[in-house]
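Each chain is listed here by its residues.
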Amino acid sequence: MAILIDKNKRVLVQGITGREGRARTRLMVEYGTNVIAGCTPGKKGEKVENIPVFNTVEEAKEEVGDIDISVIFVPAPLVKNAALEAMYAGVKLVVIIPDRVPIYDVLEIEKVSRITGARFIGPNTLGILSVENGVLGMIGGRAATASTWFKKGNVGVTSRSGGITTSIGYYLSRVGVGLSTLVHVGGDAIVGMPHPEVIKLFEKDDDTNAVVMFGEIGSSQEEQVADLIESGEFTKPLISFIGGKAAKKGTRFSHAGAIIEGDRGSHEGKVKRLREVGATVVDSFDDLWETTRKIVGKL
Amino acid sequence: MARLFEYQSKELLKKQNIPVPSGKVCQTPKQASDAAREINKPVAIKAQTWFTGRAAVGGIGFAENPEEASGIAKNILGKTIRNFTVGEVLVEEKLSIKDEMFASITIDDLERAPVLLFSLKGGSGIEKIARDYPESIIKYTIDINSGLRDFEALNLLRKFDIEGKILLQVSRLLVNLVKVALAYEARSVEINPIAVTEEGKVFAADCRITVDDYAVFRHPDLGITYARELDAPPTPLDKLAYSIEKDDYRGTFYFIQLEKNFKKNERYLGFHGAGGGGSMMSMDAIQRRGYKLANFCDTSGNPPASKVYRAAKIILSQKGIDGYFGSGSGVASQEQIHSARGLVKAFLEENLNIPAVIRLGGNMEEKAVEILQNYTKGVPAPVEGYTKDDSADYCAERMDELLKEYKPLKDNKKPEVGLKKVDYEFETVTGSVKFQYDLCMKCSSKICIESCEPNILKLENGAPVLAVSVADAKKGKCTECLGCELECRMHGENGCYVDLPVEDFA
Ligand code: SF4
Ligand code: SF4
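Residues numbered from 1 in each chain as written. Chains lettered and ligands numbered in written order. Predicted model: local features only at pLDDT ≥ 70, side-chain atom pairs only at ≥ 80, totals over all residues. Heavy atoms only, no water.

## Some thoughts on the overall build of chain B
(1) Moving on: The helix and strand inventory of chain B stands at 16 helices and 27 strands.
(2) Moving on: Dimensions of chain B, computed from C-alpha atoms along their principal axes, come out at roughly 90 × 45 × 45 Å.
(3) Moving on: A sequence separation of at least 24 residues applies to 70% of the contacts in chain B between residues at least 6 apart.
(4) Moving on: Of the roughly 21,300 Å² of accessible surface on chain B, 49% is carried by carbon and sulfur atoms.
(5) Moving on: Distance between charge centroids for chain B: 2 Å, based on 67 positive and 73 negative side chains. (Helix = DSSP H or I, 4+ residues; strand = E, 2+ residues; numbered from the N terminus. Contact = heavy atoms within 4.5 Å. Areas by Shrake-Rupley, 256 points an atom, 1.4 Å probe, with all protein chains shown as cover. Lys, Arg positive; Asp, Glu negative; His and termini not counted. Charge placed at Lys NZ, Arg CZ, Asp CG, Glu CD.)

## Examining the site of ligand 2
(1) Moving on: The environment of ligand 2 is made up of B:Phe426, B:Cys452, B:Pro454, B:Ile456, B:Cys478, B:Thr479, B:Glu480, B:Cys481, B:Leu482 and B:Cys484.
(2) Moving on: Of the residues in the shell around ligand 2, the class split is eight nonpolar, one polar and one charged. (Near = heavy atom within 4 Å. Nonpolar A, V, L, I, M, F, W, Y, C, P; charged D, E, K, R; others polar.)

## Quick look at the confidence of the model for chain B
(1) Moving on: Confidence in the prediction for chain B averages 92 pLDDT; 99% of positions are at 70 or higher.
(2) Moving on: Prediction confidence for the complex, expressed as pTM and ipTM, is 0.88 and 0.88 respectively. (pLDDT = per-residue confidence, 0-100.)

## Examining the packing of aromatic side chains
(1) Moving on: Scanning the model with the defined rule gives 21 aromatic pairs over all chains in all.
(2) Moving on: Taking the centre distance of 5.1 Å and the plane angle of 85° together, the rings of A:Phe285 and A:Trp289 count as edge-to-face. You'll find A:Phe285 and A:Trp289 in the same group, each marked buried.
(3) Moving on: Aromatic ring contacts, followed pair by pair, group A:Trp149, A:Phe150, A:Tyr170, A:Tyr171, A:Phe214, A:Phe241, A:Phe285 and A:Trp289 into a single cluster.
(4) Moving on: The side chain of B:Lys121 reaches across the aromatic face of B:Tyr133, ending 4.9 Å from its centre.
(5) Moving on: The ring of B:Tyr309 carries the charged tip of B:Lys345 above its face, separated from the ring centre by 5.0 Å. (Phe/Tyr/Trp six-rings, centres within 6.5 Å; stacked < 30°, edge-to-face > 60°. Buried < 20%, exposed > 50% of the residue type's maximum accessible area, 1.4 Å probe, protein only. Lys NZ or Arg CZ within 6 Å of the ring centre and 35° of its normal.)

## Thoughts on the domain arrangement of chain B
Residue and element names in this part refer to chain B.
(1) Moving on: Per the domain assignment, the segments making up chain B are domain 1 (22–93), domain 2 (97–222), domain 3 (236–405) and domain 4 (424–499).
(2) Moving on: Facing the 17 residues of domain 3 at the interface are 16 residues of domain 4.
(3) Moving on: Both faces considered, domain 3 and domain 4 share a buried interface measuring about 1,300 Å² in area, 54% of it formed by carbon and sulfur atoms.
(4) Moving on: Broken down residue by residue, the surface that domain 3 buries against domain 4 is led by Arg 341, Lys 345 and Tyr 375, which jointly contribute 46%.
(5) Moving on: One salt bridge in this structure joins Lys 345 and Glu 485, with 2.8 Å as the shortest N-O distance.
(6) Moving on: There are eight residue pairs in polar contact (both at pLDDT 80 or more) connecting domain 3 and domain 4. (Domains from an automatic or database assignment. Buried area = accessible area lost by both parts, 1.4 Å probe. Salt bridge = Lys/Arg side-chain N within 4 Å of Asp/Glu carboxyl O. Polar contact = N/O pair within 3.5 Å; in protein donor to acceptor, adjacent residues only side chain to side chain.)

## Notes on the environment of A:Ile229
All names here are of chain A.
(1) Moving on: Here Ile 229 shows up in helix H8 (residues 221–230).
(2) Moving on: Here the alpha-carbon distance between Ile 229 and Ala 2, two residues 227 residues apart in the chain, equals 21 Å.
(3) Moving on: When near neighbours in sequence (up to four residues on either side) are disregarded, Ile 229 contacts Phe 234, Leu 238, Val 277 and Ala 279.

## A word on the nonpolar core
(1) Moving on: Core analysis: the biggest nonpolar cluster contains 99 residues, and A:Val94, B:Leu13, B:Phe118, B:Leu148, B:Leu157, B:Ile209 and B:Phe325 have the highest contact counts within it.
(2) Moving on: Considering each element in turn, this core owes the most residues, 10 residues, to helix H6 (residues 164–183) of chain B. (Core = buried A, V, L, I, M, F, W, Y, C linked by side-chain atoms within 4.5 Å.)

## Some points on the side chain of B:Glu245
(1) Moving on: Of note, B:Glu245 is situated in helix H7 (residues 236–246).
(2) Moving on: The exposure class of B:Glu245 is buried, given its relative accessible area of 2%.
(3) Moving on: Looking at B:Glu245, its side chain comes within polar contact range of the side chain of A:Arg100, at 3.1 Å.
(4) Moving on: Setting aside chain neighbours within four positions, we find B:Glu245 in contact with A:Arg100, B:Arg228, B:Gly251, B:Thr252, B:Phe253 and B:Lys307.

## Structural notes on the site of ligand 1
(1) Moving on: As a matter of local geometry, ligand 1 sits amid B:Phe435, B:Cys440, B:Cys443, B:Lys446, B:Ile447, B:Cys448, B:Pro464, B:Cys488, B:Glu493, B:Gly495 and B:Cys496.
(2) Moving on: Across the shell around ligand 1, the residue classes tally to eight nonpolar, one polar and two charged.

## Comments concerning the pattern of salt bridges
Residue and element names in this part refer to chain B.
(1) Moving on: By the definition in use, this model includes 59 salt bridges over all chains.
(2) Moving on: A salt bridge links Glu 384 to Arg 398; the nearest nitrogen and oxygen atoms lie 2.8 Å apart. Taken as a pair, Glu 384 in strand S22 (residues 383–386) and Arg 398 in helix H12 (residues 392–405) lie far apart in primary sequence, 14 residues in all.
(3) Moving on: Residue classification places Arg 398 among the buried positions, given a relative accessible area of 16%.
(4) Moving on: The partner of Glu 427 in a salt bridge is Lys 474, with the nearest N and O atoms 3.5 Å apart. Remark: Lys 474 occurs in helix H15 (residues 470–477) and Glu 427 occurs in strand S23 (residues 424–427); sequence separation between them is 47 residues.

## Here we look at the interface of chain B and chain A
Frequently, the measure chosen for interface size is the accessible area removed from exposure when the parts meet.
(1) Moving on: Tallying the contact residues gives 62 residues for chain B and 62 residues for chain A.
(2) Moving on: Buried surface at the junction of chain B and chain A, both sides included, amounts to about 4,900 Å², of which 53% is carbon and sulfur.
(3) Moving on: Counting across the chain B and chain A interface gives six salt bridges.
(4) Moving on: Across the salt bridge formed by B:Arg218 and A:Asp105, the nearest N and O atoms sit 3.0 Å from each other.
(5) Moving on: For the interface between chain B and chain A, the tally reads 25 residue pairs in polar contact (both at pLDDT 80 or more).
(6) Moving on: The element that contributes the greatest number of residues to the side of chain B that touches chain A is helix H8 (residues 276–287) of chain B, accounting for seven residues.
(7) Moving on: Split by residue class, the side of chain B that touches chain A holds 25 nonpolar, 13 polar and 24 charged.

## Notes on the packing of helix H5 (residues 150–157) of chain B against H6(B)
Residue and element names in this part refer to chain B.
(1) Moving on: It is at 9 Å that the axes of H5 and H6 come closest, and there the two elements cross at 125°. Considering their axes alone, H5 and H6 lie oblique with respect to each other. Handedness of the crossing formed by H5 with H6: right-handed. Each of Asp 150, Ala 153, Leu 154 and Leu 157 in H5 lies in contact with H6, whose residues at this interface are Leu 167, Leu 168, Val 170, Ser 171, Leu 174 and Val 175.
(2) Moving on: Classifying every residue of the contact of H5 with H6 gives eight nonpolar, one polar and one charged. (Axes fitted to C-alpha atoms, helices over the stretch in contact; angles between N-to-C directions. Parallel < 35°, antiparallel > 145°, perpendicular 65-115°, else oblique. Left-handed = near helix turned anticlockwise from the far one by under 90°.)

## Overview of the side chain of B:Ser104
All names here are of chain B.
(1) Moving on: Here Ser 104 lies in strand S8 (residues 97–108).
(2) Moving on: Assessed through its relative accessible area of 5%, Ser 104 is described here as buried.
(3) Moving on: Look past the residues within four positions of Ser 104 in its chain and what remains in contact with it is Val 115, Leu 116, Leu 117, Val 189 and Glu 190.

## Some remarks on the packing of helix H6 (residues 162–174) of chain A against helix H10 (residues 288–297) of chain A
Think of two packed helices as two axes; the pair is described by the angle between the axes and how far apart they sit.
Residue and element names in this part refer to chain A.
(1) Moving on: Packing of H6 against H10 leaves a shortest axis separation of 9 Å and a crossing angle of 55°. Comparing the axis directions of H6 and H10 gives the class oblique. Judged by the twist between their axes, the crossing of H6 over H10 is right-handed. Contacts from Ile 168, Tyr 171, Leu 172 and Arg 174 of H6 reach H10 at Leu 288, Trp 289 and Thr 292.
(2) Moving on: Each residue belonging to the contact of H6 with H10 can be placed in one class, and the counts come to five nonpolar, one polar and one charged.

As structure tokens, this is what we get:
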């Protein structure tokens, strides 16, 4: 098994007829993801990669049956509507790819997710990839590259940066460390499933023996992961790198989530807290794969 | 985050029925004395900046009469406070303050909701208040749909022994403050202090609001033309970059100017990253070698070549930079040929005279590096492309070596850009594609046709025309991939030009 996505999960793509929707549907299908329907209002009857398109999620559900996961590729101002639509139609996992979703929209999605018992990943995420199982979003870009970059194995990856998710996956595979699932939690200040939520899933996953985490300054996700280790809720080896050491306080370099407010979420604090509870934190990103290889080799 | 000045913030409070001292924003000493005359009471004159702690650096003064107000305003206007040149002062009635309280609303990543903080003690920063009077603070999570109801506010304040008349005013203020935060999608709102006057009236004596950058488009009434986190007002270049990004949802383009006043040979580089996490690491790698960054830039999330091109043009418009360093996460999911093409077009048009090292690791990286290196052979400076197996550190090393070796040309001439005459053109999402047919007639390759990936060009009487409708091309069928222009430059007769205005883009 893997976390979040496997071969049997029935996947819908919202915004399937747009530029990104089309390109990424192709990736998902070719990588083996079970994409069963798409929707774009007003485009019912069309097909993308041979997948039928419907006007709404509810309609898709009536026509093709239950949907486990929806992946959203609509412009940021329309994301809230799309996410709520999916959740109210009973979809239990929603992956929100777009960047620049207004934060109050995210808060409302969060609220509805609690009401409907759904979960969401993102916004501003590259998605999730479970090696040889399926991909949600755009990790790898093309199926052929995704297949050559990521080798199957037992290390899970969770990252706050999209590009770094892919990099870690590739570099680990290159030194012979195989992967279970890669998760980009999203770069925004509020995301549906921050590191600790992903870590909890990895704990339960039989296919995952160790986790590599790319953290960043800002927010308290990494500190919460440390809490999980301390309380015994996460027991597998954790190898981590925290980015943004050189960033100035209050300045934002690209990720909205990576802004230090006051003393909270500082680089130093995160590293210290993780080391305290016994996690491995490397000082240089380039040490991540070799260090992981050594640790996994001993398991 | 889009920060509002105190006077702008107070306008929003006023609209939501939160009492603020009567006042006026002024740009000149004359306006300040007029405002003081109108108020007809002792006034406070306050520099409008984005920072707290203005009083300590002479950003606030008090005047008994209009003449004094003019003098103080003269002192404050034009002052530089932490990078920030004061252009406006707020002249307002001076309150006789008996008590100070504090209220703020921020979005809390643990609660995943807006959180109201209220303290019976105000004046200093909330960190200090929390340290000195922890028992004076209450924290309350707000429901984004229902806001804060009157009874909730009153129940919250029960913990304190506030006199009835004041209690009602404070609770009403909190209810209305939550309304302001929700209405304007604030990342944070802070009233510090809430002033209780000798007369028993409650006012918002100071206020700061920051609006969510991503929601600015829903609040045109705020007149925010630039929504980015900065610690000083945006430079013209920041604004130009922002205007390019604002309405183009294809991929991300983020740009901030970090340094303006530098010259050649002061080790400043233009930086072009891809993806936040990888960009930060790449910046570290180059800074470790003693270089400084003129700007931060990130194009990621699969941007079209046109966006990368404009980003490169903007980076290169920083005249004093000694080199161009591009490096992101190293293993990008996006198709890197688009980035390569965008860079090539910019480098050719500028006749690149500073060395460039670009790490193009990711999808189609080999092709991307080939395009980058081969198509820029004609420019004076060396251009090197690298792939995912080359670390950011190695690329920084190469940058360093090239910078030591390369002597820029003294008088570098930019080539003429564009076509002599245009026989055929069509609009694209953000520009237009143009053709000069006498050149096309001489061309045997007609390579523009096959190099157009979305297949929207065809030959008609030996010359390229659109194979789809003009409207479709403009709506996005033309992906602005730059394939036609660049392949034509290499293998055709230069009859094609993709016109992507930068300067007057807004
Ligand atoms: S390749 Fe250039 S010169 Fe040749 S037909 Fe196309 S646009 Fe004209
Ligand atoms: S006309 Fe075709 S090749 Fe030229 S920019 Fe548009 S999509 Fe690209």
